[in-house]
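The primary structure of each chain is shown beneath.
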Amino acid sequence: MARYTGPKTKIARKFGEAIFGEDRAFEKRNYPPGQHGLAKKRGKKSEYAVQLMEKQKAKYTYGILEKQFRNLYEKASAMSGVTGEILLQLCEARLDNVVYRMGIAPSRRGARQLVSHRHITVNGEVVNIPSYHLKPGDKIAVREKSKSLEVINNSLSSNSTVYEWMTFNNETKEGTFVSVPQRIQIPENIKEQLIVELYNK
């Protein structure tokens, strides 16, 4: 399965924000990588560069490669509504993202691994496809055999974030994807309109 496996902090520094979550290395050096990272005089970015940067930030945030991201954009543009918002909603409805949001895994990368290794069920059936698209009402749970996994229990014990568009029970390790989140409910700092403008060129 194709995915980005390179250094996370270097990418976060490129965008100037900790897009992969808490990162001690990023806190120490939160300026762009490279020998000119601290230089104050940086040329003004072109419109295309700004749009491209936003698209790359979204792709790295959700752990999606270009072909898959392009397919999501085309799917979003074919649906009625604001294309940029629908694009983010499609990203949020991915199984790996929801597993991360529920606190079952400490990161999207970790969530992808749990799904791939068959630790997660959807509506009682094991699903090992991280990009699986969830629908409102779908029930997500940790597989019975996997409920004692240390990585899952550690993640759940340190997670305190609650999202209005999903429910999760820490005792039973089961949750429900209640509804597709509205843009205001998605915490990611992504300017989705710039991505739409880039793809429309």
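See above for the structure.
Draft legend 1. Spatial organisation of the nonpolar core. In terms of nonpolar packing, the biggest core is built from 22 residues, with Leu 95, Val 99, Ile 104, Ile 120 and Ile 140 touching the most fellow members. Elements that contribute at least two residues to this core include exactly α6 (95-101), α7 (108-116), β1 (120-122), β3 (138-142) and α8 (150-158). Beyond its immediate sequence surroundings of up to four residues, Ile 140 is in contact with Leu 95, Val 98, Val 99, Met 102, Ile 120, Thr 121, Leu 134, Lys 173, Glu 174, Gly 175 and Phe 177. Core analysis: the next-biggest nonpolar cluster, separate from the first, contains 17 residues, Leu 87, Leu 88, Ile 186 and Val 196 among them.

Draft legend 2. Spatial organisation of the packing of helix α5 (residues 83-92) against helix α9 (residues 192-199). It is the contact of α5 with α9, at a shortest axis distance of 8 Å, that shows an interaxial angle of 110°. Judged by the angle between their axes, α5 and α9 are roughly perpendicular. For the pair formed by α5 and α9, the contact residues are Thr 83, Gly 84, Glu 85, Leu 87 and Leu 88 on the first element and Glu 192, Ile 195 and Val 196 on the second. Residue composition of the contact of α5 with α9, grouped by class: four nonpolar, two polar and two charged.

Draft legend 3. Structural view of the pattern of salt bridges. By the definition in use, this model includes 12 salt bridges. Notably, a salt bridge pairs Glu 47 with Lys 201, separated by 3.9 Å at the nearest N-O pair. Taken as a pair, Glu 47 in helix α3 (residues 47-62) and Lys 201 in the segment after α9 lie far apart in primary sequence, 154 residues in all. Taken as a pair, Glu 47 and Lys 201 share a single burial class, namely exposed. Among the salt bridges present, the one from Lys 57 reaches Glu 54, with a minimum N-O distance of 3.4 Å. Of the two residues, Lys 57 and Glu 54 are both situated in helix α3; the distance of three residues between them amounts to about one turn of the helix. The burial state of Lys 57 is the same as that of Glu 54; both residues are buried.

Draft legend 4. Summary view of the packing of aromatic side chains. Considering all chains together, one arrives at four aromatic pairs under this definition. With 5.7 Å between their ring centres and 50° between their planes, Tyr 163 and Trp 165 make a pair best called tilted. Of the two residues examined, Tyr 163 and Trp 165, each falls in the buried class. Three or more aromatic residues link up through ring pairs in this structure, and these residues are Phe 69, Tyr 73 and Tyr 199.

Draft legend 5. Molecular detail of the packing of α3 against α9. At a minimum axis separation of 8 Å, α3 and α9 run at an interaxial angle of 115°. Relative to α9, α3 is oriented roughly perpendicular. α3 and α9 meet at a crossing whose hand is left-handed. Contacts from Tyr 48, Val 50, Gln 51, Leu 52, Glu 54, Lys 55 and Ala 58 of α3 reach α9 at Leu 194, Ile 195, Glu 197, Leu 198 and Tyr 199.

Draft legend 6. Representation of the sheet that holds strand β4 (residues 166-169) within the structure. One open sheet accounts for five strands, arranged β2-β1-β3-β5-β4; its pairing is antiparallel. At either margin of the open sheet sits one strand with a lone partner, and together these are β2 (125-126) and β4. Two strands pair when backbone bridges link them, and β1 and β2 are joined in this way by two bridges, in the antiparallel orientation. Among the inter-strand pairings, Thr 121 is bridged to a residue of β2, identified as Val 126.

Draft legend 7. Molecular detail of α9. Along α9, six of the eight residues are buried, which leaves the element largely enclosed by surrounding structure. The set of residues buried in α9 consists of Glu 192, Leu 194, Ile 195, Val 196, Leu 198 and Tyr 199. The secondary structure elements touched by the buried residues of α9 are α3, α4 (66-78) and α5.

Draft legend 8. Inspection of the environment of Arg 183 at higher detail. With respect to the secondary-structure elements, Arg 183 resides in the loop between β5 (174-177) and α9. The spacing of Arg 183 and Leu 88 is 95 residues in sequence and 7.7 Å in space, taken between C-alpha atoms. If we ignore the near neighbours within four places in the chain, the residues touching Arg 183 are Glu 85, Leu 88, Glu 188, Ile 190 and Glu 192. For Arg 183, the side chain forms a polar contact with the main-chain oxygen of Ile 190, separated by 3.0 Å.

How each quantity is defined
- Residues numbered from 1 in each chain as written.
- Predicted model: local features only at pLDDT ≥ 70, side-chain atom pairs only at ≥ 80, totals over all residues.
- Heavy atoms only, no water.
- Core = buried A, V, L, I, M, F, W, Y, C linked by side-chain atoms within 4.5 Å.
- Buried < 20%, exposed > 50% of the residue type's maximum accessible area, 1.4 Å probe, protein only.
- Helix = DSSP H or I, 4+ residues; strand = E, 2+ residues; numbered from the N terminus.
- Contact = heavy atoms within 4.5 Å.
- Axes fitted to C-alpha atoms, helices over the stretch in contact; angles between N-to-C directions.
- Parallel < 35°, antiparallel > 145°, perpendicular 65-115°, else oblique.
- Nonpolar A, V, L, I, M, F, W, Y, C, P; charged D, E, K, R; others polar.
- Salt bridge = Lys/Arg side-chain N within 4 Å of Asp/Glu carboxyl O.
- Phe/Tyr/Trp six-rings, centres within 6.5 Å; stacked < 30°, edge-to-face > 60°.
- Left-handed = near helix turned anticlockwise from the far one by under 90°.
- Pairing = 2+ DSSP bridges.
- Polar contact = N/O pair within 3.5 Å; in protein donor to acceptor, adjacent residues only side chain to side chain.

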